[in-house]
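Structure at a glance
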Amino acid sequence: MPSFTPSPSSIRVAALAIGAAALAAALLILVTIGSIAMAGGFLAAGFVAGGAMAAWRLLRPPAETGMARIDWTITRTIAATTDAAVAVTDRAGRLVCANDAYEALFEGLPTPPVLPLDTAGVAALGQAGRTAWRDGRAEVKGLIGAEMGLDATVIRAGEDADVLVWRFVTTGEHDLAARIESMLGGTIGDRLGQGGVMVALLTPNGRVRAATPVLSQRASGGSGSIIGRDFAHCLITDSLGLVRFEREGLEGSPLRLIQLPFAEGDEMPILLAILDDRHDAPAIGASASAHVRSLVSLMPFGMALVDRDGRFLQMNNAFVRAAGVDAAAPPLYPGDLVVREDKSAVADAIRRFASGATHSADMAVRLKDHPDEPVALTIAGARGLGDAAVLLSLKDNSEESRLKREVAQATKMQAVGQLAGGVAHDFNNILTAILGHCDLMLMRHSPGDSDYDDIQQIRTNSNRAASLTRQLLAFSRQQTLRPQVLQLPDVVSEVSNLLKRLMGETVRLEVTHGRNLGPVRADPGQLEQVVVNLAVNARDAIVSANPQGGGTLTIQTRAVTAAEVRAMGSDILPPADYTALSVSDTGTGIPPDIIGKIFEPFFTTKELGKGTGLGLSTVYGIVKQSGGWIFAESKPGQGATFTIYLPVHSAVADPLRAPPKPLPRQGDTWGSGVVLLVEDEDMVRAVAERALVRQGYTVLTADNGETALEVLRTSGQPDLLISDVVMPTMDGPTMVREVRKRYPALPVLFMSGYAEEQLRKSIDIDKVAFLPKPFSVQQLGEAARDLLRPA
C-alpha cells in the first residue's frame, strides 16, 4: 500500500487545529471544574503537539518529504520540444541535463561555459553565468562558434535556486544553409522530387554541398552520391543550347536551371533548382537569360557576357577578382579594363566575334591595375545565349605572377651572389698583397717616421675595403663564419656602449631581456654587426621623423616556443623553439610599397652618397647563413620593428666542422721548420713567402698543385703545407689528398678568398685549418705557429 506523505499546507492546518482544540478544552475545564492547573496542562499539551508537528516538517530532510526530488527525464523531455539547445548545470558546475539539440550543436556534451567558441566568447559566457547566479538572468549575443553565430540566455532556476539553465540559439545565414542542407536530404527533399523539382545546395566554387535524392540519382546515373562533385561536370549542352544531365546523354530530358536567392555575399552557398523542361523551346535561349547568368555565376573561372553593342551584361565573381573590378563602379565596356594601348585591339576583337565569328581566340592584354603583367583574355562568339553575343574568359594569374616574381628575385639574388663571390675572391687576393706589403714596411718603420703614417693610412683603407668585401659576401651568404654557442643578451651587452654613442643625445636606448632564453649558435662578431646595422637604420628613421625631440630605440630578447610559432600561422617560419631579437623604433615607418624591397642588395631610400644599400641585405645574409629568419613589420608614421628568430641550439654535435674563434695570443710568431707554400697568384705568394721567411721559416714555393707534388718528390716531407684552395690544373684539396697518401700526419693550412662555408665540401679533410683572405702577416704567422706547435 503506498505511503502517505502530508503536504506542507495540511501540516500547518493540523497544527493550528490541535492548538485550537487544546485552548477550547482548557476553557471547558476551567468553567466546569474550575481547576486552573488542569486547564493549563491541557493548553500546554496542545501547543506542544502542534509545535512538534511543525518542527517535524521543518527538520525533516527534503529527500524524505519528496518535494525537492527532480525527475530529469521529464526535464529533458520538455527541453526537447524546443529548437534551441538547452543545458542545465548545478552549483558545482556539473552538467546534469541537456537536450538533443545541445548534443548536436556541441559534440561530446561539453559543460558550459567551456564550449568550442573563441577565447572572447568563452570569457563572455563565463561572465554571463556569474551574472545569472547573482541577478537571476543574463544574456550574451554574438558568440562565434565553429561555423555559426550564437545567442545565449542563462537563467537561475530550481526551488532552492541551485541550478542554471543555459539556452543557445543559432543565428546568421550559415545556420540557414545548414537547415536547408538537412531538409534536402530528408522528407522535404523527397516531396520536392515527387513534385518534379530537384534542388541542389552548392558551395561558392560550384561544388555540391547537398542535393535532393532524385537529383543525386539522376545526376550520378544511380551510381552513388554527387556530394562534393563539381556540379558543372554533371551537365552537358548540345548544339541547340539544351542542358541535360551528362549521365543521361543527349537522349535525356532538357533541364531548366533556376538560382534561388536566399543569402547575399560571395562566400555564401548557392541554392539551385533544376526542372525538367520537356517543351521544344531550348532551356537556354533568348527567353532564359536568367538561366544563362546562373550558369555563368557557377563557373569557377573568370567569365563575362558581352552584348552585341560591346557592353558588359554579366561578370561572375572569378572574373571580378581576376580583372580587379571595383564592384561598386563596374566598367561599361571590356576596353575599360585594359591600358590605353590595348583598348582598340580588344574592341575590334569583340566587334568581330559579335558579328558572327564562331571560333575563339586568345590575346594578351595588360590590365590597368597591373600594366606590367600581361594576362590571357579568351574571346568567343556566343549563340543561343539570349542577349549575350560574346563570351569572355580571363584567367586569374595573380598567384602565378607572384611566383614568377619570387623566382625572378631568387635568380637575381643568386646571380648577384655568384658575381659578388667571384669579385670578392679576386679582390681579396689584391687586398692580401696590399696588407702584407704594408705589414712588411711597417716592420722597417717606427711611429714618428715620415713614411709610417702614410703606410698606416694605406693599411686602414685596405681594411675598409676588406670590410666592404665581407658585406658583399654577407648578403650572398658566402662569408666565413666562426659560430659559437652563445646567449643573445651577451651579444647585446657587448655593443650597448657603442650603440649609446651612435644614438646621440636625442635618441633614448631601451634594452629588455626575457626569461628562459635558449642558447643559439652563431658568429658573435657578425651578430654584433647585425645589431649595429639595425640600430643605425632605426636612428636615422627616428631623426627623420622628429629631428628635434628624438625618440626611442628598443632592443628586446625573448623566448619563442614551438606552440607560439604554430599559433602565428606563418608559412615561412617552421615550428621550433627560437630565441628572438627585436629592434623597434619610433621613426617614420616603412611604406607598404617599399617594405618588400628593403632586403634587396643596393636598394636604399637614403640620399645619394649617404647609403650603399648593403646594410639590410648584409643583415639578411648573416641571419640566413646563421640558420635564422628575419621579418620586418611597419605602419607608416608608427615606426618599424625588425624581429630575428634564431633556433635554440641543442647539445647534438654539429656535422659541420667549424673551428672556434681564435683567442688573442701573447708573444711573438717566430718559428722554425720547412713550409711548402702553394699559391697561383704571384703577388700573394710573394708576400706570404717574405712574411714566413722573416719569421724564421724555410719556404718552398709552387704555383699550382702539380708543381707542388714535384717539389715534394725532390725535397721530401715539409713540416707544414700552406695551400690556396682554388687553383688551375690541380686545386688544393686534390693535391692535399695525394700528399696525405705519402705523409698522413702532415699539417695543412688552406687559405682562400672564397668563404669557408662555400668550400666546405671540397676541403672536408681531417686535420686541416682554414685562413680566409685577406690576412695580415701577423695572422699568417699565428696560423703557422699554431699548426706547428706540439700537441
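For the structure itself, look to the data block above.
The present account deals with the structure reproduced in this document.

1. Overview of the packing of helix α15 (residues 488-503) against helix α16 (residues 524-545)
Where α15 meets α16, the axes come as close as 9 Å, and the angle between the chain directions of the two elements is 40 degrees. It follows that α15 is oblique to α16 by the angle criterion. Like other packed secondary-structure pairs, α15 and α16 cross with a definite hand, here right-handed. Together, Leu488, Val491, Glu494, Val495, Leu498, Leu499, Leu502 and Met503 of α15 and Pro524, Leu527, Glu528, Val531, Val532, Ala535, Val536 and Arg539 of α16 make up the contact between the two elements. Classifying every residue of the contact of α15 with α16 by side-chain character gives 13 nonpolar, no polar and three charged.

2. Re the sheet that holds strand β28 (residues 768-772)
Strand order in the open sheet formed by five strands is β25-β24-β26-β27-β28, with parallel pairing between adjacent strands. The open sheet has two edge strands, β25 (698-702) and β28, and neither has a second partner. Between one strand axis and the next, the sheet turns by 20 degrees as a mean value, whatever way the strands run. Bridge count between strand β27 (residues 748-752) and β28: five bridges; the pairing is parallel. Opposite serine 752, over in β28, you have proline 772 as the bridge partner. Sheet strands in contact with helix α20 (residues 682-694) are β24 (674-678), β25 and β26 (720-724), and its direction is about 165 degrees off that of β25.

3. Here's the deal with the pattern of salt bridges
Summed over all chains, the structure comprises 19 salt bridges. Each of Asp307, Asp309 and Arg311 takes part in one network of salt bridges that share partners.

4. So, the packing of aromatic side chains
Across all of its chains, the model carries seven aromatic pairs by this definition. For the ring pair tyrosine 578 and tryptophan 629, a centre distance of 6.0 Å and an interplane angle of 90 degrees mean the geometry is edge-to-face. Taken together, the positions of tyrosine 578 in strand β21 (residues 578-585) and tryptophan 629 in strand β22 (residues 629-634) put the pair 51 residues apart, joining distant regions of the chain. Side by side, tyrosine 578 and tryptophan 629 carry an identical accessibility label, which is buried. For the pair phenylalanine 631 and tyrosine 645, a centre-to-centre distance of 5.8 Å together with 70 degrees between the ring planes defines the contact as edge-to-face. Taken together, the positions of phenylalanine 631 in strand β22 and tyrosine 645 in strand β23 (residues 640-647) put the pair 14 residues apart, joining distant regions of the chain. The class of phenylalanine 631 is partly exposed, set by a relative accessible area of 25%.

How each quantity is defined
- Residues numbered from 1 in each chain as written.
- Predicted model: local features only at pLDDT ≥ 70, side-chain atom pairs only at ≥ 80, totals over all residues.
- Heavy atoms only, no water.
- Axes fitted to C-alpha atoms, helices over the stretch in contact; angles between N-to-C directions.
- Helix = DSSP H or I, 4+ residues; strand = E, 2+ residues; numbered from the N terminus.
- Parallel < 35°, antiparallel > 145°, perpendicular 65-115°, else oblique.
- Left-handed = near helix turned anticlockwise from the far one by under 90°.
- Contact = heavy atoms within 4.5 Å.
- Nonpolar A, V, L, I, M, F, W, Y, C, P; charged D, E, K, R; others polar.
- Pairing = 2+ DSSP bridges.
- Salt bridge = Lys/Arg side-chain N within 4 Å of Asp/Glu carboxyl O.
- Phe/Tyr/Trp six-rings, centres within 6.5 Å; stacked < 30°, edge-to-face > 60°.
- Buried < 20%, exposed > 50% of the residue type's maximum accessible area, 1.4 Å probe, protein only.

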